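Coordinate analysis (summary)
What follows is the residue order along each chain.
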Amino acid sequence: MGLPTAEVVICGAGIAGIAAAYHFAVRHGMGGIVLVDERPPLSLTSDKSAECYRNWWPGPGEAMVAAMNRSIDLLEELARESGNVFHLNRRGYLFATADPERVPHLVRAAEEAAALGAGPVRRHDRPHADYRPAPPDGFEGQPAGSDIVTDRATIRRHFGWLADDTLAVLHARRCGWFSGQQLGMYLLERARDKGVRLLEGRVERVQTTGGRVSAVEVSGVGGTQLLSTPRFVAAAGPRLKAVGRLLGVELPVLCERHGKITFDDAVGAMPRAAPLTIWADPVRLPWSDDERAALADSEHRRLLDALPAGVHGRPEGAGDSRSVLLIWTYDAEPVEPTFPVAFDPTYPEIAIRGMARVIPAMAAYVSRLPRAFVDGGYYTKTRENRFLAGPLPVEGAYVIGALSGYGLMASSVAADLLAAHVTGAPLPPYAPAFTLGRYDDPAYRAGLETWPDSGQL
Ligand SMILES: Cc1cc2nc3c(=O)[nH]c(=O)nc-3n(C[C@H](O)[C@H](O)[C@H](O)COP(=O)(O)OP(=O)(O)OC[C@H]3O[C@@H](n4cnc5c(N)ncnc54)[C@H](O)[C@@H]3O)c2cc1C
């Protein structure tokens, strides 16, 4: 009896593997797709996300903005065809600053983003400015680009819940959030309708014959099986490096631990219709003398220093939900991924204290910490924070991953690119920016040493 066969074996049923299966089967009509995972779909990293999206990315070059615009086009298409089952909104990302020296940086960032294709900049620096806030739901008919509001009265009128000393806000508009779980399940169901098979098990080995992929060994509850296949896709999230090694390929990726907290915002500090709100300034937390003395003698003494810019949060859930989600990655060293992921028990308190700088009403929670749910996972990323989608140096082997902190929003374009590489469909101009082959270019490698800004939040 011959081996069971597949046209493509995808290792990993996170959002990357599922989006790849969907693009192969639904958009390219390919049969024989097997999606292998040792865990339930979407359960390792893809259900830990803050579920936000943005076309707001720095250079160098236009590739990142172009790719994200394509990804958002695809998300909008899926939202339209599905009756928006995954609740895509367009509330935007609101960057706020109280530092006069940062205001010109925000303006420059907006101009750079506009030049890269994110959309035009609108300045609102007078009373009665025609700034148009975002609706809480839906995504149609909204502006792209960004609004920079420096008129304090306009800031107070629309964002009166922000700190009184807020001097400027930048509202990036082709941005928002959605339910990642519902998007993933929608893609998976569509893919399964077109014959994609989900196989529970662990990819242990990838066999090559004459230098090209010939079979994949999968171990599961029923034992070990060998699937004969000419194509293998590594979509292993934080296990990408280990899965690359099954092919003898050393993938240039690292992992950082990132956590988020959710809690019941009983005092209604954050309006339910707020955009994703990001403080653009570093924060020095206010500690009492006793706290300061205790921290100085502890492993947490660095909390006395200014902590990095970027504490952010948004309201979570619809209807009567009072839940708020916060993230503040003040510690992002590369680590070896281990599971279950452990978080510093002080993280919820620090995130809440940080957000109280942005939204003063959050200070109500500092003296009486709410019960917070903490979870998260790993950002698996390349050093310049650009994902990988394309062929590997072994014939028949491909990668989709290193999706860092933006894999929910970028999985659609990454899968679109991957499927084009596999099927030979035309590739867009930004495709080379996301292949492993980019590192073969000495000029690109040299540029990594002075890469300006990874765009990470
Ligand atoms: C705190 C946090 C906030 C985030 N916020 C956002 C956000 O706002 N917006 C956004 O777009 N993204 C966000 N992200 C990033 C996003 O969650 C990830 O980029 C995305 O989930 C990565 O998807 P993946 O499919 O590559 O990996 P995963 O979801 O980890 O899936 C990989 C799968 O591969 C399987 N696997 C690995 N090895 C094997 C093997 N040998 N055999 C079988 N199966 C294997 C694993 O079991 C797993 O199911 C956030 C992430 C975190 C941690």
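Scroll up to find the structure.
So, here's what we can say about the structure. (Residues numbered from 1 in each chain as written. Predicted model: local features only at pLDDT ≥ 70, side-chain atom pairs only at ≥ 80, totals over all residues. Heavy atoms only, no water.)

On to the overall build of the protein, then. Along the protein, the regular secondary structure elements total 11 helices and 23 strands. Rg of the C-alpha trace for the protein: 23 Å, near the compact-globule value of 23 Å for 457 residues, within the 12% margin. Its C-alpha atoms give the protein principal-axis dimensions of about 75 × 50 × 50 Å. Taken across its 457 residues, the protein has 55% of its residues classed as buried. The long-range share in the protein, meaning contacts at least 24 apart out of those at least 6 apart in sequence, stands at 75%. Of the accessible surface of the protein, which amounts to about 19,000 Å², a share of 52% is contributed by carbon and sulfur atoms. Computed over 48 positive and 53 negative side-chain charges, the inter-centroid distance for the protein is 2 Å. (Helix = DSSP H or I, 4+ residues; strand = E, 2+ residues; numbered from the N terminus. Rg over C-alpha atoms; globule rule 2.2 N^0.38 Å. Buried < 20%, exposed > 50% of the residue type's maximum accessible area, 1.4 Å probe, protein only. Contact = heavy atoms within 4.5 Å. Areas by Shrake-Rupley, 256 points an atom, 1.4 Å probe, with all protein chains shown as cover. Lys, Arg positive; Asp, Glu negative; His and termini not counted. Charge placed at Lys NZ, Arg CZ, Asp CG, Glu CD.)

In this section: the pattern of salt bridges. For the structure on display, the rule yields 32 salt bridges. The closest approach of N and O atoms between arginine 174 and aspartate 73, which form a salt bridge, is 2.7 Å. Of this pair, arginine 174 sits in the loop between β7 (168-172) and β8 (175-177) while aspartate 73 sits in helix α2 (residues 63-81), and the two are 101 residues apart along the sequence. One salt bridge connects aspartate 99 with arginine 102, and the closest N-O pair in it is separated by 3.4 Å. (Salt bridge = Lys/Arg side-chain N within 4 Å of Asp/Glu carboxyl O.)

Turning next to the sheet that holds strand β12 (residues 223-228). Hydrogen bonds along the backbone pair up the strands of a sheet, which may run parallel or antiparallel. In space, the 3 strands of this open sheet follow the order β10-β11-β12, with antiparallel pairing throughout. The open sheet has two edge strands, β10 (202-209) and β12, and neither has a second partner. The mean inter-strand angle of the sheet, taken between neighbouring strand axes irrespective of direction, is 20°. Here 6 bridges tie strand β11 (residues 212-220) to β12, and the two strands are oriented antiparallel to one another. Note on β12: the bridge partner recorded for alanine 215 is serine 228. (Pairing = 2+ DSSP bridges. Axes fitted to C-alpha atoms, helices over the stretch in contact; angles between N-to-C directions.)

Here we come to the site of the ligand. Near the ligand there are 36 residues, and of these Asp37, Arg39, Thr45, Ser46 and Met409 occur at the shortest range. At 3.1 Å from an oxygen atom of the ligand is found a main-chain nitrogen or oxygen belonging to glutamate 51. In the environment of the ligand, an oxygen atom lies 3.3 Å from a nitrogen or oxygen atom belonging to the backbone of leucine 403. Across the complex, the protein chains shield 97% of the 1,000 Å² of accessible surface that the ligand would expose by itself. Of all the secondary structure elements, the ones that give two or more residues to the shell around the ligand are α1 (15-27), β2 (33-37), β10, β21 (373-381) and α10 (407-423). Broken down by element, the residue count for the shell around the ligand peaks at 3 residues, all from α10. Residues belonging to the shell around the ligand are distributed by class as follows: 17 nonpolar, 12 polar and 7 charged. (Near = heavy atom within 4 Å. Polar contact = N/O pair within 3.5 Å; in protein donor to acceptor, adjacent residues only side chain to side chain. Nonpolar A, V, L, I, M, F, W, Y, C, P; charged D, E, K, R; others polar.)

Time to look at unusual backbone geometry. A cis amide bond links glycine 59 to the next residue, proline 60, at an omega of 0°. With respect to the helices, strands and loops of the structure, proline 60 is situated in the loop between β3 (52-54) and α2. Cis peptide bonds are those with omega within 30 degrees of zero, and the linkage from phenylalanine 339 to proline 340 qualifies with -5°. Topologically, proline 340 is positioned in the loop between β20 (334-335) and α8 (347-358). Even without glycine at this site, histidine 87 takes up a positive phi of about 55°. Secondary-structure assignment places histidine 87 in the loop between α2 and β4 (93-97). Even without glycine at this site, serine 404 takes up a positive phi of about 50°.

Close contact between α1 and α10 brings their axes to 8 Å; oriented N to C, the two are set at 45°. On the basis of the axis angle, α1 is oblique to α10. The way α1 lies across α10 gives a crossing that is right-handed. Contacts from Ile15, Ala16, Ala19, Ala20, His23 and Phe24 of α1 reach α10 at Gly407, Leu408, Ser411, Ser412, Ala415, Asp416, Leu418, Ala419 and Val422. Residue composition of the contact of α1 with α10, by class: 10 nonpolar, 4 polar and 1 charged. (Parallel < 35°, antiparallel > 145°, perpendicular 65-115°, else oblique. Left-handed = near helix turned anticlockwise from the far one by under 90°.)

What follows is about the packing of aromatic side chains. If you walk through the whole model with that rule in mind, you get 15 aromatic pairs. Residues phenylalanine 339 and tyrosine 378 carry aromatic rings whose centres are separated by 5.4 Å and whose planes lie at 80° to one another, so their mutual orientation is edge-to-face. Here the residue phenylalanine 339 occupies a position in the loop between β20 and α8, and tyrosine 378 occupies one in strand β21, the gap between them amounting to 39 residues. Phenylalanine 339 gets classed as partly exposed once you look at its relative accessible area, which sits at 26%. Connected via pairs of aromatic rings, a cluster forms that spans Trp57, Phe387, Tyr406 and Phe434. When the ring centre of phenylalanine 339 is taken as reference, the NZ or CZ atom of arginine 39 above it lies at 5.5 Å. (Phe/Tyr/Trp six-rings, centres within 6.5 Å; stacked < 30°, edge-to-face > 60°. Lys NZ or Arg CZ within 6 Å of the ring centre and 35° of its normal.)

One open sheet holds the 6 strands; their spatial order is β9-β2-β1-β13-β23-β22, and the pairing between them is mixed. Looking along the sheet, the strands with just one partner apiece sit at the ends: β9 (197-200) and β22 (388-391). Shown here is a sheet whose adjacent strand axes are inclined to one another by a mean of 20°, direction ignored. In this sheet, strand β23 (residues 397-401) lies alongside strand β13 (residues 232-234) in parallel orientation, the contact comprising 3 bridges. Within β23, the residue paired with phenylalanine 232 across the bridge is alanine 397.

Right, let's get into the pairing of β22. Sheet topology places β22 next to β23; 4 bridges connect them, and they run antiparallel. Among the inter-strand pairings, proline 391 is bridged to a residue of β23, identified as tyrosine 398.

Now for the nonpolar core. Membership of the largest hydrophobic core comes to 120 residues, with the highest contact counts inside it found for Ile10, Phe24 and Met362. Setting aside residues up to four positions removed in sequence, isoleucine 10 forms contacts with Gly17, Ala20, Ala21, Phe24, Ile33, Val34, Leu35, Val36, Val233 and Ala235. Core analysis: the next-biggest nonpolar cluster, separate from the first, contains 32 residues, Val9, Val213, Leu240 and Tyr439 among them. (Core = buried A, V, L, I, M, F, W, Y, C linked by side-chain atoms within 4.5 Å.)

The values reported here are purely geometric and, on their own, carry no functional implication.
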